[in-house]
Amino acid sequence: MRTDADYLARAIDLATANVADSGGPFGAVILTADGQTFDGVNRVTSSNDPTAHAEVTAIRNACAALETFDLSGAVLYTSCEPCPMCLASALWARIGRVVFAADRHDAARAGFDDAVFYEYFDTPLEERSMPVVQVSGDTRTAPFEAWNAAVSRIDY
């Protein structure tokens, strides 16, 4: 039986190999509740996609192959502690557990410092580096009204 350490070793191997393939030093493996595995690597710079982190790529690969957006019971193994975006993606995918190897401080020493993102959410709204403001209009809830009225919607 494979262990957490085995899947983490796979994620680390993916990350290391990805560096030689013009990618970032991050790899991830999704293990589904029924034992299927799906890999992901960081392709941010090679695809000019700032969301192409290894964890997000693994989630996308698993969901596409399984034709679902719900990975309940799955485990996400990742070579490094997930950033806030990747953690949020895992939550949206309903991943059951995340297991990582290197932490955010190890990543920072290699030039991948996510501290500014963690700090962003701890900063009061009016002091944040990227302002996020609401401009409320009469039609602001129209998309939600359409959603609630749609009989063919798939709740998530």
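Residues numbered from 1 in each chain as written. Predicted model: local features only at pLDDT ≥ 70, side-chain atom pairs only at ≥ 80, totals over all residues. Heavy atoms only, no water.

> Give me the lowdown on the sheet that holds strand β3 (residues 75-80), citing residues and values where you can.
Spatial strand order, β2-β1-β3-β4: 4 strands in an open sheet with mixed pairing. With partners counted over all chains shown, the strands left at the sheet margins are β2 (37-41) and β4 (97-102), one partner each. On average, adjacent strands in this sheet sit at an angle of 15° to one another, irrespective of strand direction. Sitting on the sheet, helix α1 (residues 4-20) is in contact with β1 (27-31), β2, β3 and β4, with an inclination near 145° to β1. The strands touched by helix α3 (residues 54-66) are β1, β2 and β3; relative to β2, the strand with the most contacts, the crossing angle is about 140°. (Pairing = 2+ DSSP bridges. Helix = DSSP H or I, 4+ residues; strand = E, 2+ residues; numbered from the N terminus. Axes fitted to C-alpha atoms, helices over the stretch in contact; angles between N-to-C directions. Contact = heavy atoms within 4.5 Å.)

> Account for unusual backbone geometry, naming residues and giving values.
The backbone phi angle of Ser-22 is positive, close to 65°, even though this residue is not glycine. With respect to the helices and strands, Ser-22 occurs in the loop between α1 and β1.

> An account of the nonpolar core is requested, with residue identities and associated values reported.
Core analysis: the biggest nonpolar cluster contains 17 residues, and Ile-30, Ile-59, Leu-71, Leu-76 and Ile-95 have the highest contact counts within it. Those elements that place two or more of their residues in this core are β1, α3 and β3. With 5 residues, α3 is the largest single contributor of residues to this core. If we ignore the near neighbours within four places in the chain, the residues touching Leu-71 are Ile-30, Ile-59, Ala-62, Cys-63, Leu-66, Ala-93, Arg-94 and Ile-95. Formed by 10 residues, the second largest nonpolar core is a distinct cluster that contains Leu-14, Leu-31, Val-41 and Tyr-77. (Core = buried A, V, L, I, M, F, W, Y, C linked by side-chain atoms within 4.5 Å. Buried < 20%, exposed > 50% of the residue type's maximum accessible area, 1.4 Å probe, protein only.)

> Mind laying out the packing of α3 against helix α4 (residues 84-92), listing which residues take part and the relevant values?
Describing two packed helices takes the angle between their axes plus the distance from one axis to the other. Relative orientation of the contacting elements α3 and α4 amounts to 25°, with a least axis distance of 8 Å. Classified by the interaxial angle, the pair formed by α3 and α4 is roughly parallel. At the point where α3 passes α4, the crossing takes the left-handed sense. Of α4, the residues touching α3 (which contributes Glu-55, Val-56 and Ile-59) are Met-85, Cys-86, Ser-89 and Ala-90. Split by residue class, the contact of α3 with α4 holds 5 nonpolar, 1 polar and 1 charged. (Parallel < 35°, antiparallel > 145°, perpendicular 65-115°, else oblique. Left-handed = near helix turned anticlockwise from the far one by under 90°. Nonpolar A, V, L, I, M, F, W, Y, C, P; charged D, E, K, R; others polar.)

> Got a sec to walk through the pairing of β2? Specific residues and values, please.
Here β1 pairs with β2 via 5 bridges, running antiparallel. Looking at β2, one finds that Val-29 is bridged to Asp-39. Hairpin connection between β1 and β2: a loop of 5 residues separates the two successive antiparallel strands, and Gly-35 in this loop has a positive phi of roughly 95°.

> Please give an account of the pairing of β1 that cites residues and values.
The element β1 is largely enclosed, with a buried count of 5 among its 5 residues. Across the two faces of β1 the burial is the same, with Gly-27, Val-29 and Leu-31 and Ala-28 and Ile-30 all buried. Of the pairings in the sheet, the one linking β1 to β3 comprises 4 bridges and is antiparallel in character. Counted as the bridge partner of Ile-30 is Leu-76 from β3.

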